[in-house]
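# A structural walkthrough
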Amino acid sequence: MGRGEFLSCLAGWLGDGWVMVDGTLVSLYARPAFYGNTWYDRKSNYSLNVQIVSTLDLCIINYSVGLPGSQHDAT
C-alpha cells in the first residue's frame, strides 16, 4: 500500500469516518492517435475516467485520472 492510499484510508477512519467517492467519464475532443479504440466508451464517445475521494468538508484526499473510457465496460 502506497503512502497516498494509506492516508486516504486513514482519513476515512478518523473524525466522523465518512468519505465520498464519485467518478465520471470526461469526453475527449477527438479519437486519440494511439490505441484509440480503448478510449471508446459505452455511450459511443471517446472518453477517460476520473474519480475523486473527498471528505464531508469537500477536502479532496485522493483522485485518479486517465483510465480509458472503455475500462470496465461490458462490451
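Residues numbered from 1 in each chain as written. Predicted model: local features only at pLDDT ≥ 70, side-chain atom pairs only at ≥ 80, totals over all residues. Heavy atoms only, no water.

## Quick notes on unusual backbone geometry
- Of note, the phi angle at Tyr-35 is positive, near 55°, even though the residue is not glycine.
- Position of Tyr-35 relative to the elements: it lies in the loop between β1 (19–27) and β2 (47–55).
- Residue Tyr-35 is classed as exposed on the basis of its relative accessible area of 69%.
- With phi around 65°, Ser-44 is a residue other than glycine that occupies positive phi space.
- Looking at the secondary structure, you find Ser-44 in the loop between β1 and β2.
- For Ser-44, a relative accessible area of 48% corresponds to the partly exposed category. (Helix = DSSP H or I, 4+ residues; strand = E, 2+ residues; numbered from the N terminus. Buried < 20%, exposed > 50% of the residue type's maximum accessible area, 1.4 Å probe, protein only.)

## As for a nonpolar patch on the surface
- Taken together, the side chains of Trp-18, Met-20, Leu-56 and Leu-58 present a nonpolar region at the surface, about 470 Å² in accessible area.
- Here Met-20 shows up in strand β1. (Patch = residues over 30% accessible without salt bridge, like charges linked within 9 Å, V, L, I, M, F, W, Y side chains within 5 Å. Areas by Shrake-Rupley, 256 points an atom, 1.4 Å probe, with all protein chains shown as cover. Salt bridge = Lys/Arg side-chain N within 4 Å of Asp/Glu carboxyl O.)

## A few points about the pairing of strand β3 (residues 60–68)
- Bridge count between β2 and β3: 7 bridges; the pairing is antiparallel. Across the sheet, Asn-49 pairs through a bridge with Leu-67, a residue of β3.
- Between β2 and β3, which pair antiparallel one after the other, the connecting turn spans 4 residues, and Leu-58 there sits at a positive phi close to 65°. (Pairing = 2+ DSSP bridges.)

## Points about the sheet that holds β1
- Read from one edge of the open sheet, 3 strands run β1-β2-β3, paired in antiparallel fashion. Taken across any chain shown, the strands that pair with only one partner, and hence form the sheet edges, are β1 and β3. With direction set aside, neighbouring strand axes in the sheet form an average angle of 15°.
- Sheet topology note: the β1/β2 ladder contains 9 bridges and is antiparallel. Counted as the bridge partner of Val-26 is Leu-48 from β2. (Axes fitted to C-alpha atoms, helices over the stretch in contact; angles between N-to-C directions.)

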